[in-house]
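Residue strings, one per chain:
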Amino acid sequence: APSASAKKANPTPEAMLPVARDNFKRWNDALQTKNPKTVASLYSNSELSFLPTVSPEHIKKIDSTQEYFEAFVLKNPFGTITDDSVAVVDNGNGYLHSGMYTFELGDANNRTPVAARFSYVWEKVGNEWKIGHHHSSVRPPQPEGSSAPAQEAPAAKAAPSASAK
């Protein structure tokens, strides 16, 4: 019988958060290459669900993912996580990474910030992390009379991608 030590413990969300942020950095770094094939290579080839920010489509194929990024990388996007959390699934072979990010778009002398919400489901495929689901949408404005969540500023300091411009 296998020993108790041979059984892998399910990672905690706290333990998986650095992995999630590293994978977001890989994705954001892929955007910086301006090569849509490089970005699309981070997405799963099977059972893909991609709901991009600036497309009305529900993308389910890797070639359609590449087509989407052909236009998006021309906007010179750079994302910074401002608030995030992780839920672990499948004994640590997958996780949901969700939260808020801000994208700066446009030429260096004319950048426009766009606040958005995101969710990624990353899954282990062999030894690689791949995106099986990605949803991004522009963050709606705060309703009149309400205030923004107080937790956003501290979370921005913790995001490793915030320093790499």
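See the structure shown above.
Just so it is clear, the structure is predicted and the values come from calculations on it, not from any experiment. (Residues numbered from 1 in each chain as written. Predicted model: local features only at pLDDT ≥ 70, side-chain atom pairs only at ≥ 80, totals over all residues. Heavy atoms only, no water.)

(A) Geometry of helix H3 (residues 62-72). Turning to H3, its buried residues are Thr65, Tyr68, Phe69 and Phe72. Relative to the axis of H3, the buried residues are bounded by an arc of 95 degrees and lie together on one face. Close packing links the buried residues of H3 with helix H1 (13-32), helix H2 (36-40), strand S1 (49-51) and strand S3 (94-105). (Buried < 20%, exposed > 50% of the residue type's maximum accessible area, 1.4 Å probe, protein only. Helix = DSSP H or I, 4+ residues; strand = E, 2+ residues; numbered from the N terminus. Arc of directions from axis to C-beta. Contact = heavy atoms within 4.5 Å.)

(B) The arrangement of the environment of Thr65 in detail. Note that Thr65 resides in helix H3. Using a relative accessible area of 0% as the deciding quantity, one classes Thr65 as buried. Along the primary structure Thr65 and Ser49 are separated by 16 residues, whereas in three dimensions their C-alpha atoms are 9.8 Å apart.

(C) Summary view of the environment of Lys61. Along the chain, Lys61 falls in the loop between S1 and H3. Taking the C-alpha atoms as reference, Lys61 lies 7.6 Å from Ser46; in sequence the two are 15 residues apart.

(D) Quick peek at the pattern of salt bridges. Enumeration over the complete set of coordinates arrives at three salt bridges. Among the salt bridges present, the one from Asp84 reaches Arg21, with a minimum N-O distance of 2.7 Å. Here Asp84 is found in strand S2 (residues 78-89), whereas its partner Arg21 is found in helix H1, with 63 residues between them in sequence. Arg21 shares its class with Asp84; the two are buried. Salt-bridge contacts for Asp29 lead to Lys25; the nearest nitrogen and oxygen are separated by 2.8 Å. Taken together, the residues Asp29 and Lys25, both in helix H1 and four residues apart, mark about one turn of the helix. For Asp29, a relative accessible area of 33% gives the class partly exposed. (Salt bridge = Lys/Arg side-chain N within 4 Å of Asp/Glu carboxyl O.)

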